[in-house]
Amino acid sequence: MPISAYQLPDLLALLPKKPGGNINPHFEEANTRYEAWMKKMFGWRWIFALVYDSEVPLLGCLAWPLASCHELKAILDYMTSSIMLEVLTDNCSSAKAVEISRLWMETLQGGDGGKYSRHAFINAMRRELVPTMKAAIDPFHWPQFITSNEKFSKNTVQEALDREAHVDKPRNIQSYMVMRRETIGTRPCFVLMRSTRRLYIPDHVLAHPIVEEMENVALDMVFIANDIYSFKKEIGDNGALNNIMTVIQKDPTTNHLDLQGRFDYTAKLFREARDRFHACRSNLPSFGDLDLDRQVSAYADGLVDWVAGSIQWSIVNRRYNVFRNDAGQEEKHLEVEPEPPPSLITTPNRLRYRCRVVTGYFIWTPSKTVFLHLRL
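Attention in this report is confined to the structure presented alongside it. Just so you know, these numbers come straight off a predicted model, no measurement behind them.

The next thing to look at is the overall build of the protein. Looking only at helices and strands, the protein has 17 helices and two strands in total. Relative to its full complement of 376 residues, the protein shows a buried share of 54%. Across the protein, the fraction of contacts at a sequence separation of at least 24, relative to all contacts at a separation of at least 6, is 77%.

This is the structure:
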């Protein structure tokens, strides 16, 4: 089948320069240490390739450019833990997802005081990762961190319940965007960002409508960009079921758009979110304390760093493999094979239709998913 090229939007050009700098200066050290830990933890099992290709240290250093080396290790430990929660619950029953999410949350709250588990990674969390997080995350932010993760783990369970009940994903853009803010798993990362920047913003300030809206539209920018850059991988994995590109195809107001039209429409949604972010930032109220007002303004800077850093990571990481070569990245050309007719995108066909999207191979198979659950 002939390969078609599609023009992706230049999302980084739509954002201001990152206030915290381009990349954390501790990247090389963090990357070397993380890869050594990965080999010790997972050996050369296929799960190593899955997490390795996610390039967690790169995301950490691009999204948290001001974190110390100690804080960066805790950030990487948390991101690995959240990835593993999704992996462990991605293809299991809802009952199993409830059990794993409960165990994951209890371990996050209890650290080394948590119970021993037959899951090797949960035990690694208990022994190594959570103690590192607790030592690095400011005590002021720990309750906010736990609360945000309770919501994240509940959303993970809900996805399993929906999958088991064959509940279709939202068929309109607005409901999808509200849902995706929570399933992207970024709210806990925003708490970690506030901790690394010593931003002691109380809950009642975070709940102010303008501050809350500013955070929500930052989340919108994160997931819109992520859905764009992960589309090529996801169309081969599962038909991009949980992706805004697919929702645009389903929404009655936009289902007439072809693939290029959908990419253009996502760029429009991103610009709208960016404009709302700047409007919120320009209208931040005073909270009656000059230092608190400064911290809220600095939080906006941190959100810019996080949004831009996540986009930088999405463009270059091995997991998404967005562009075929440097020229494709420079021109923002995404090469994919034509999509099958919508009538063919049934559940069985999603497993057969890999799109062969210039990646050359896929490592996922149902048997390997079972293997993961048996080994971890």
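Counting 104 residues, the largest nonpolar core has Trp64, Phe145 and Tyr229 as its most contacted members. In this structure Phe145 touches Tyr78, Leu108, Met133, Ile137, Pro188, Val191 and Leu192, once residues within four positions along its chain are discounted.

A word on the packing of aromatic side chains. Centre distance and the angle of the planes are the two values used to describe a pair of aromatic rings. Under the counting rule described, the total for this entry stands at ten aromatic pairs. For the pair Tyr34 and Trp37, a centre-to-centre distance of 6.1 Å together with 35° between the ring planes defines the contact as tilted. Residue Tyr34 and its partner Trp37 are both found in helix H1 (residues 27–42); the two are separated by three residues, about one turn of the helix. Overall, the relative accessible area of 7% leaves Tyr34 in the buried class. Ring geometry for Phe140 versus Tyr200: centroids 5.4 Å apart, planes at 90°, classification edge-to-face. With Phe140 in the loop between helix H6 (120–136) and helix H7 (142–164) and Tyr200 in the loop between helix H9 (187–196) and helix H10 (203–206), this residue pair connects regions lying 60 residues apart in the sequence. Residue Phe140 is classed as partly exposed on the basis of its relative accessible area, which comes to 34%. Given the relative accessible area of 33%, Tyr200 is considered partly exposed.

We now examine the environment of Asn242. Residue placement: Asn242 occurs in the loop between helix H11 (209–237) and helix H12 (244–250). Measuring from C-alpha to C-alpha, the distance between Asn242 and Thr183 comes to 9.8 Å, with 59 residues separating the pair along the chain.

Tallying each qualifying case throughout the model produces 18 salt bridges. Notably, a salt bridge pairs Asp220 with Arg181, separated by 2.8 Å at the nearest N-O pair. Here Asp220, found in helix H11, pairs with Arg181, found in helix H8 (residues 173–183); they are 39 residues apart in sequence, far enough to count as distant. Note on accessibility: Asp220 and Arg181 belong to one class, buried. Salt-bridge contacts for Arg274 lead to Asp275; the nearest nitrogen and oxygen are separated by 2.9 Å. For Arg274, a relative accessible area of 16% corresponds to the buried category. The class of Asp275 is partly exposed, set by a relative accessible area of 42%. In the salt-bridge network here, residues are joined through shared partners; they are Glu182, Arg187, Arg194 and Glu215.

Running from amino to carboxyl end, helix H13 (residues 259–282) crosses helix H14 (residues 290–316) at an angle of 165°, the nearest separation of the two axes being 11 Å. By the angle class used here, H13 and H14 are roughly antiparallel. Here the hand of the crossing between H13 and H14 comes out left-handed. Here Phe270, Phe277 and Arg281 of H13 come into contact with H14, specifically with Ser297, Ala300, Asp301, Leu303, Val304 and Ile311.

Let's shift gears to unusual backbone geometry. Of all residues except glycine, most have a negative phi; of all peptide bonds, most are trans. One non-glycine residue, Glu55, lies in positive phi territory at about 50°. With respect to the helices and strands, Glu55 occurs in the loop between helix H2 (46–54) and helix H3 (56–63). Look at Arg198: it is not a glycine, yet its phi comes out positive at around 55°. Position of Arg198 among the secondary structure elements: in the loop between H9 and H10.

So, on to the side chain of Thr156. Inspection of the secondary structure assignment puts Thr156 in helix H7. Note on Thr156: relative accessible area 6%, which makes it buried. Not counting residues within four places of it along the chain, the set of residues in contact with Thr156 comprises Leu85, Thr89 and Ser101.

Turning our eyes to something else, we now look at the side chain of Thr196. In this fold, Thr196 is placed in helix H9. Residue Thr196 is classed as buried on the basis of its relative accessible area of 12%. Of note is the side chain of Thr196, whose polar atom sits 2.8 Å from the backbone oxygen of Met193.

Two numbers describe a pair of packed helices, the interaxial angle and the distance between the axes. As a packed pair, helix H5 (residues 94–110) and H7 sit with axes 9 Å apart at the nearest point and diverge in direction by 170°. The angle between the axes of H5 and H7 places the two elements in the roughly antiparallel class. Note on element contacts: H7 touches H5 through Trp142, Phe145, Ile146, Asn149, Glu150, Phe152, Ser153, Thr156, Val157, Ala160, Leu161 and Glu164, opposite Ser94, Ala97, Val98, Ser101, Trp104, Met105, Leu108 and Gln109.

Most of H3 sits inside the fold, with eight of its eight residues counted as buried. Among the residues of H3, those classed as buried are Val56, Pro57, Leu58, Leu59, Gly60, Cys61, Leu62 and Ala63.

Rules of the game
- Residues numbered from 1 in each chain as written.
- Predicted model: local features only at pLDDT ≥ 70, side-chain atom pairs only at ≥ 80, totals over all residues.
- Heavy atoms only, no water.
- Helix = DSSP H or I, 4+ residues; strand = E, 2+ residues; numbered from the N terminus.
- Buried < 20%, exposed > 50% of the residue type's maximum accessible area, 1.4 Å probe, protein only.
- Contact = heavy atoms within 4.5 Å.
- Core = buried A, V, L, I, M, F, W, Y, C linked by side-chain atoms within 4.5 Å.
- Phe/Tyr/Trp six-rings, centres within 6.5 Å; stacked < 30°, edge-to-face > 60°.
- Salt bridge = Lys/Arg side-chain N within 4 Å of Asp/Glu carboxyl O.
- Axes fitted to C-alpha atoms, helices over the stretch in contact; angles between N-to-C directions.
- Parallel < 35°, antiparallel > 145°, perpendicular 65-115°, else oblique.
- Left-handed = near helix turned anticlockwise from the far one by under 90°.
- Polar contact = N/O pair within 3.5 Å; in protein donor to acceptor, adjacent residues only side chain to side chain.

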